Amino acid sequence: MARTFKQPAIPRLASQAALRLLASLAVILFAAPAWAADPPGTTAPSGDEARRESLTAIDKALTDPVSGTWFIALQENSFRISPGIGHGERWSSDLLFEIAMPVAINPDWNLITRPFIDLSHSQPHPQPDNPMDIERTTAFSDITLVQLVAPSKQLAGNWLLGLGPTWIFPSGVSTWTTSGKWQVGPAAVLGYLSEKWILGAFFQNWTSFGGSGPRATNSMSLQPIAAYFFPYGWSIGYSGNILANWKTSATNAYTVPIGVQVSKVFKFGALPAVKLSLAGQWMPVHPANFGQVWGVQLLVQAVRPRLLKGYLSDPASLQFRWEK
């Protein structure tokens with residue numbers, strides 16, 4: 001159930017975010033048993049050079065949006081937003097849970113399914129009885145589901161290619177954390193992965209087609225993908241999503257961030273590989289009303305088992321991991 005309350009003090013909000021981040025890390029680490037990890041690079045290295053290459057390979061696989069690696073992830077986002085003239089900046093935060101589940105259609109093509117579940121969204125908003133006063137609602141938000149058909153590495157080489165639909169389901173439980181609209185649109189990935197770097201983009205656009213929400217929606221997210229890979233699982237790259245709302249005025253339509261992300265892949269004994277990423281962004285272009293001004297993010301990804309093996313085009317070959 002949603003809860004509404006006055007804007008909290010910054011120390012209280014910061015402490016809550018810290019607790020959520022620690023809980024996220026604990027869930028990622030202990031929800032992924034050692035036997036669950038799949039290649040690349042999840043077996044014990046035979047030497048320092050092997051360890052260095054193994055950690056870098058995992059980093060690449062978790063950065064590549066169309067790789068064949070299964071993983072689970074938790075991402076804590078905290079944004080400083082501007083409610084508009086006459087109001088000071090406020091905090092907006094959310095906790096996202098993500099699963100990447102690539103399955104082979106045949107030897108040349110993969111189906112990649114990635115749900116993004118907004119477990120907790122904390123949104124400042126005008127008080128209904130007095131729009132000049134700002135309140136806050138924290139509640140479960142909408143679910144996004146991306147499905148991409150992508151060529152295998154044997155077919156595409158170093159090129160990153162993917163195309164398919166993206167959905168938004170109005171699962172939010174508060175007026176302030178959901179649009180109330182069923183939405184669908186195209187999703188596409190285009191990029192290139194070399195030995196030392198990755199460069200590409202992940203595009204999504206959603207248009208409403210039903211639901212009880214008061215207004216039709218049409219919005220876009222464009223995620224630039226750029227990173228340089230260092231030895232032992234270190235990497236540095238761009239962070240941020242370019243956002244557009246095609247249904248509003250030009251002063252409130254666009255969010256353009258400039259950000260940087262630092263990542264490191266770790267191996268904790270018998271546990272599977274875990275990638276930690278810390279990012280920060282500044283938005284020189286943002287909506288005048290409740291637009292994101294700057295933000296920080298923590299992302300925790302853990303390699304998971306390939307639950308389903310075989311080919312979808314050959315049902316007889318399909319096998320779940322727990323089957324002999």
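K.L.:
I tried to follow the environment of Ser 313 on my own but got confused; where do I start?
P.N.:
By secondary structure assignment, the location of Ser 313 is in the loop between β16 (308–311) and β17 (314–320). Judged by its relative accessible area of 51%, Ser 313 falls in the exposed class. Taking C-alpha positions, Ser 313 is 8.5 Å from Ala 104, a pair spaced 209 residues apart along the chain. Ignoring any residue separated from it by four or fewer positions in sequence, one finds Ser 313 in contact with Ile 105 and Asn 106.

K.L.:
What should I look at first to understand the nonpolar core in this one?
P.N.:
Nonpolar side chains in soluble globular proteins generally cluster together in the buried interior. Counting residues in hydrophobic clusters, the biggest one holds 15 residues, and the most contacted among them are Val 66, Val 146, Leu 148, Leu 160, Val 189, Ile 198 and Phe 202. Broken down by secondary-structure element, the contributors of at least two residues to this core are β4 (109–127), β6 (143–151), β8 (181–193), β9 (197–211) and β10 (218–229). If we skip the residues at most four places from it in the chain, Val 66 touches Ile 112, Leu 148, Ala 150, Leu 160, Leu 161, Gly 162 and Val 189. One finds Ile 58, Val 265, Leu 299 and Val 303 within the second-largest nonpolar core, a separate group that totals ten residues.

K.L.:
It is not clear to me how the packing of aromatic side chains should be interpreted in this structure. Could you clarify?
P.N.:
When we look at a pair of aromatic rings, we describe it by the centre distance and by the angle of the planes. Summed over the entire model, instances satisfying the criterion amount to six aromatic pairs. Ring centres 5.3 Å apart and planes at 80° place the aromatic pair Trp 91 and Trp 294 in the edge-to-face group. A residue pair is termed long-range when its members are at least 10 positions apart, and Trp 91 in strand β3 (residues 90–106) and Trp 294 in strand β15 (residues 291–303) qualify at 203 residues. Residue class for Trp 91 comes out buried when judged on its relative accessible area of 15%. Three or more aromatic residues link up through ring pairs in this structure, and these residues are Trp 159, Tyr 192 and Trp 197. A cation sits over an aromatic face here: Lys 264 above Phe 266, 4.7 Å from the ring centre.

K.L.:
Quick question: what am I supposed to make of the pattern of salt bridges here?
P.N.:
The tally for this structure, following the rule as stated, stands at three salt bridges. Among the salt bridges present, the one from Lys 153 reaches Asp 64, with a minimum N-O distance of 2.7 Å. Placement of the pair is Lys 153 in helix α3 (residues 153–156) and Asp 64 in the loop between α2 (48–63) and β2 (71–82), with a sequence separation of 89 residues. The class of Lys 153 is partly exposed, set by a relative accessible area of 39%. Judged by its relative accessible area of 4%, Asp 64 falls in the buried class.

What counts, and where the lines are drawn
Residues numbered from 1 in each chain as written. Predicted model: local features only at pLDDT ≥ 70, side-chain atom pairs only at ≥ 80, totals over all residues. Heavy atoms only, no water. Helix = DSSP H or I, 4+ residues; strand = E, 2+ residues; numbered from the N terminus. Buried < 20%, exposed > 50% of the residue type's maximum accessible area, 1.4 Å probe, protein only. Contact = heavy atoms within 4.5 Å. Core = buried A, V, L, I, M, F, W, Y, C linked by side-chain atoms within 4.5 Å. Phe/Tyr/Trp six-rings, centres within 6.5 Å; stacked < 30°, edge-to-face > 60°. Lys NZ or Arg CZ within 6 Å of the ring centre and 35° of its normal. Salt bridge = Lys/Arg side-chain N within 4 Å of Asp/Glu carboxyl O.

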